[in-house]
Amino acid sequence: MPGGESFSIEKTFGVKGPKNEDITFDVYTSNGILATQMYGTWLLCPNTTYHIYVENDNSSCSTSNYTWSVPSAWTTYYTYQNMISVNTNSSPGGPVSVTANTCCNNNVTIISGYMGSNYNCSYYSMLLSPNPATSETVLTLVANSEETIFDENVEWQLEVYDKVQLLKEKKTKIKGKEVKIKTSGWADGIYFIRVRYKDELVLGKLVVKK
């Protein structure tokens, strides 16, 4: 500069495709329930069928022609567009990576990660509708098998934590399969829900987006 001052300029950009933070995994069970996620890691149960999606939040750089790499101990049923259907068999954890064509190059690894093992594979799961939510969502506890019976008279509780694990809301002495969670005053983002029913802990993820 004329007065002798100096400064630097920084610009963030992606090489050969979207930025890392634009590409994420979403994991659902075969009955459409979001799998457990804790601290950014998906936790999978053994002998369970999952549909794993790769999501691209960068609208200016599309991805296509996905190729999946999953643990050899899993059974791969089929792939369709940005999804793969697998069964974890007796080895639920393991590395998963995806290559794809991007706006800049072909056959580029766009995401790689590790699926953890869930050691709390309970008889119940939670269904959140809608998810993402704007002003409210309904949490429904569902049985994972026809043999499991839900007791309407048993009281249960839920806790909601934000992305830095601060308690956002707590409800106790809930009866019945459903409970409404109001999110109208919440900031956009991801929230983690923990339900304690009988002696089980059921975990889920809620997205709030106005």
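Look a little higher up for the structure.
Presented here is an overview of the structure given in this document. (Residues numbered from 1 in each chain as written. Predicted model: local features only at pLDDT ≥ 70, side-chain atom pairs only at ≥ 80, totals over all residues. Heavy atoms only, no water.)

**With respect to the overall build of the protein**
Phase 1: When you go through the protein residue by residue, the secondary structure sums to zero helices and 16 strands.
Phase 2: Residue burial in the protein is summarised as follows: out of 210 residues, 43% are buried.
Phase 3: Counting contacts in the protein only where the partners sit at least 6 residues apart, residues at least 24 apart contribute 56% of the total.
Phase 4: Per element, the accessible surface of the protein, about 12,200 Å² overall, is 47% carbon and sulfur. (Helix = DSSP H or I, 4+ residues; strand = E, 2+ residues; numbered from the N terminus. Buried < 20%, exposed > 50% of the residue type's maximum accessible area, 1.4 Å probe, protein only. Contact = heavy atoms within 4.5 Å. Areas by Shrake-Rupley, 256 points an atom, 1.4 Å probe, with all protein chains shown as cover.)

**A word on the packing of aromatic side chains**
Phase 1: Applying the stated rule across the entire model yields six aromatic pairs.
Phase 2: Judged by centre distance (4.8 Å) and plane angle (5°), the ring pair of Phe150 and Tyr197 falls under stacked. With Phe150 in the loop between strand 11 (136–143) and strand 12 (156–161) and Tyr197 in strand 15 (residues 189–197), the pair connects residues that are 47 residues apart, well separated along the chain.
Phase 3: For Phe150, a relative accessible area of 14% puts it in the buried group.
Phase 4: Site record: aromatic cluster; members linked through ring pairs are Tyr124, Phe150 and Tyr197.
Phase 5: In this structure, Arg194 packs its charged tip against the face of Tyr161, placed 4.2 Å from the ring centre. (Phe/Tyr/Trp six-rings, centres within 6.5 Å; stacked < 30°, edge-to-face > 60°. Lys NZ or Arg CZ within 6 Å of the ring centre and 35° of its normal.)

**Concerning the pairing of strand 10 (residues 124–129)**
Phase 1: Note: strand 10 against strand 11, six bridges, orientation antiparallel. The residue bridging Met126 from the neighbouring strand is Leu141, located in strand 11.
Phase 2: The antiparallel hairpin formed by strand 10 and strand 11 contains six residues in its connecting segment. (Pairing = 2+ DSSP bridges.)

**Some words on the state of the cysteines**
Phase 1: Taken as a whole and judged by the stated rule, the model has one disulfide.
Phase 2: Paired through a disulfide, Cys61 and Cys103 show a sulfur-sulfur distance of 1.9 Å. Taking the torsion about the S-S bond as the criterion, the Cys61 to Cys103 disulfide, at about -95°, is left-handed. Placement of Cys61 in the loop between strand 4 (49–56) and strand 5 (64–69) and of Cys103 in the loop between strand 8 (94–101) and strand 9 (108–117) is noted, with a sequence separation of 42 residues between them.
Phase 3: Cys103 gets classed as partly exposed once you look at its relative accessible area, which sits at 43%. (Disulfide = S-S within 2.5 Å.)

**Overview of the pattern of salt bridges**
Phase 1: Within this structure, the stated rule accounts for seven salt bridges.
Phase 2: Measuring nitrogen to oxygen at the nearest pair gives 3.7 Å for the salt bridge that ties Glu21 to Lys19.
Phase 3: A salt bridge links Asp26 to Lys205, with the shortest nitrogen-to-oxygen separation between them at 3.8 Å. With Asp26 in strand 1 (residues 23–29) and Lys205 in strand 16 (residues 200–208), this pair connects stretches of sequence that are 179 residues apart.
Phase 4: With a relative accessible area of 17%, Asp26 lands in the buried category. (Salt bridge = Lys/Arg side-chain N within 4 Å of Asp/Glu carboxyl O.)

**Topic: the environment of Lys171**
Phase 1: Of note, Lys171 is situated in strand 13 (residues 167–174).
Phase 2: Take Lys171: its relative accessible area is 25%, and that puts it in the partly exposed class.
Phase 3: Those residues in contact with Lys171, other than ones at most four positions away along the chain, are Trp156, Gln157, Leu158, Val179 and Lys180.
Phase 4: One polar contact links Lys171 to Glu169, side chain to side chain, over a distance of 3.4 Å. (Polar contact = N/O pair within 3.5 Å; in protein donor to acceptor, adjacent residues only side chain to side chain.)

These results come straight from atomic positions and should not be treated as a statement about function.
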